[in-house]
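Results of the structural survey
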Amino acid sequence: MKNYEDLNFSYSVLGKDSLTCNYINLSNVKLELTKEINHIKEGKISLQKFQIENENKIYFYKHTFTNINKLTTIRDEIELYGVKYKIDSLYYGNDYFKKPYVFSSLVNVGRFIFNKHSYIAFFIQDISNPITFPNTLILLFDISDKNKISYIPIGFQASEDLKCFNDFNNDGILDFAKWTQGYDYIECLYRYELNDKNKFVPKKTDFVFIKEKQDGYYIDIIKSKWKYGKINN
């Protein structure tokens, strides 16, 4: 058996791309609005509204907190087709205002079509605690019906683009390759499948064993149980 222990991990080795996808050019993002929205004692909260895509009314609301230490319900937001979603609420749940802020930095926005469904994914990094290998929060939405948009929970993981989504086993079900790096490094990347309730569920029989070394992450083909792509064993 060929030893791939010296093969650098990347999402591109997991399987042949099975998605029809494209990315929004973030260099074309426009700053539409800047305003001060609140005062708390000596502190202040400033808002910037960015137009991500004009035609489809997609916006990103970025807040800057100055001299404010207390938690607040004011958080960064994504707007899709006239509906606003608080990023922290999507990540933490209904009690998000009791949790620390996700100081969001939008690093990528991608669209893809799979099995007659249209999806959009926002890739967001938390810049409050910069690290060498940051994980990325994915906000994934099924936008097939613009009047009934569905949010699909994922959370923080390592990929900054759509290569973590695929149909690795070619069964017609959308897959997600879940793995985290850096301070949250885990040894195994698992394949997840999207169920009929719009939730990704793990398939623990499909995994890639990833070894952490000083100069990066490497695949251990012997310990992996993965039947697809370049690391098919």
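The structure reproduced in this document is the subject of the present report. (Residues numbered from 1 in each chain as written. Predicted model: local features only at pLDDT ≥ 70, side-chain atom pairs only at ≥ 80, totals over all residues. Heavy atoms only, no water.)

1. Considerations on the environment of Tyr183
Quick reminder of the rule: A run of H or I in DSSP counts as a helix once it spans at least four residues, and a run of E counts as a strand once it spans at least two, with each numbered from the N terminus.
Structurally, the position occupied by Tyr183 is in the loop between β12 (175–178) and β13 (188–194). Residues Tyr183 and Pro134, spaced 49 residues apart in sequence, show a C-alpha to C-alpha distance of 8.3 Å.

2. Brief notes about the sheet that holds strand β2 (residues 30–40)
Short version of the rule: Two strands are counted as paired when DSSP detects at least two bridges linking them. Fitted lines through C-alpha atoms give the axes, limited to the stretch in contact for helices. The angle between two N-to-C directions lies from 0 to 180 degrees.
With antiparallel pairing, the 5 strands of this open sheet are ordered in space as β2-β3-β4-β5-β6. The open sheet has two free edges, formed respectively by β2 and β6 (83–86), since each of these has just one partner strand. Direction aside, neighbouring strands of the sheet carry axes that sit 20° apart on average. Direction of pairing for strand β4 (residues 58–66) relative to strand β5 (residues 77–80): antiparallel, over a ladder of 4 bridges. By the bridge assignment, Phe60 is partnered in β5 with Ile78.

3. Some thoughts on the pattern of salt bridges
Stated precisely, the cut-off is as follows: A side-chain nitrogen of Lys or Arg and a carboxyl oxygen of Asp or Glu constitute a salt bridge if their distance falls within 4 Å. Throughout this description, buried means an accessible area under 20% of the type-specific maximum (1.4 Å probe, protein chains only), exposed means over 50%, and partly exposed covers the range between.
All chains considered together, the criterion is met by 10 salt bridges. The partner of Asp161 in a salt bridge is Lys163, and the shortest N-O contact between them spans 3.7 Å. Taking the relative accessible area as the measure of exposure, Asp161 reaches 22% and is therefore partly exposed. The class of Lys163 is partly exposed, set by a relative accessible area of 43%. A salt bridge links Arg191 to Asp206; the shortest N-O distance between them is 2.7 Å. Within this pair, whereas Arg191 is found in strand β13, its partner Asp206 is found in strand β14 (residues 200–213), the two being separated by 15 residues in sequence. With relative accessibility at 5%, the residue Arg191 sits in the buried group. Of the residues examined, Asp206 reaches a relative accessible area of 3% and is grouped as buried. Salt bridges linked by common partners bring Asp175, Arg191, Glu193, Lys203 and Asp206 together as one network.

4. Things to note about the environment of Lys223
Which entries qualify depends on this criterion: Whether two residues are in contact is decided by their heavy atoms, any of which lying within 4.5 Å being enough.
Note on placement: Lys223 falls in the segment after β15 (216–219). When sequence neighbours within four positions are dropped, the list of residues in contact with Lys223 reads Phe207 and Phe209.

5. As for the side chain of Ser104
Structurally, the position occupied by Ser104 is in strand β7 (residues 104–114). For Ser104, a relative accessible area of 2% translates into the label buried. What Ser104 contacts, discounting residues up to four positions off in sequence, is Phe60, Lys62, Asp76, Ile87, Ile124 and Gln125.

6. Section: empty space enclosed by the protein
What counts, and what does not: Cavities and pockets were defined on a 1 Å grid built over protein atoms only: a cavity is a set of grid points that admits a 1.4 Å probe from which the probe cannot escape, a pocket is an open set flanked by protein on both sides within 12 Å along at least five of seven lines, and lining residues are those with an atom within 4 Å of any such point. Grid points are joined across faces, edges and corners, and a volume is the space filled by probe spheres set on the points.
The full count for this structure, using the stated rule, is 1 cavity of 30 Å³ or more. By volume, the largest cavity amounts to about 50 Å³. Lys62, His63, Phe65, Ile74, Arg75, Asp76, Asp88, Tyr101, Val102 and Phe103 are the residues that line the largest cavity. When residues of the lining of the largest cavity are assigned to their parent elements, the largest contribution, 3 residues, is made by β4.

7. Re the layout of surface pockets
Empty space among the atoms becomes visible once a probe the size of a water molecule is rolled across them. Space inside the largest pocket adds up to approximately 330 Å³. Asp126, Asn129, Ile131, Asn135 and Asp184 are the residues nearest the centre of the largest pocket, which is lined by 13 residues in total.

8. Observations regarding the sheet that holds β13
Taken together, 5 strands build an open sheet; the order of strands is β11-β12-β13-β14-β15 and the sheet is antiparallel. Strands with a single pairing partner mark the edges of an open sheet, and in this sheet they are β11 (165–166) and β15. Looking at chain direction, β12 and β13 are connected through 4 bridges and run antiparallel. Its bridge partner being in β13, Phe176 is matched across the sheet by Tyr192.

9. Structural notes on the pairing of β7
Within β7, 8 of the 11 residues are buried, leaving the element largely enclosed by the surrounding structure. When strand β1 (residues 20–23) meets β7, the two strands line up antiparallel, connected through 4 bridges. By the bridge assignment for β7, Cys21 is matched with Phe112. Relative to strand β8 (residues 117–126), β7 runs antiparallel, the two sharing 10 bridges. The residue bridging Ser105 from the neighbouring strand is Gln125, located in β8.

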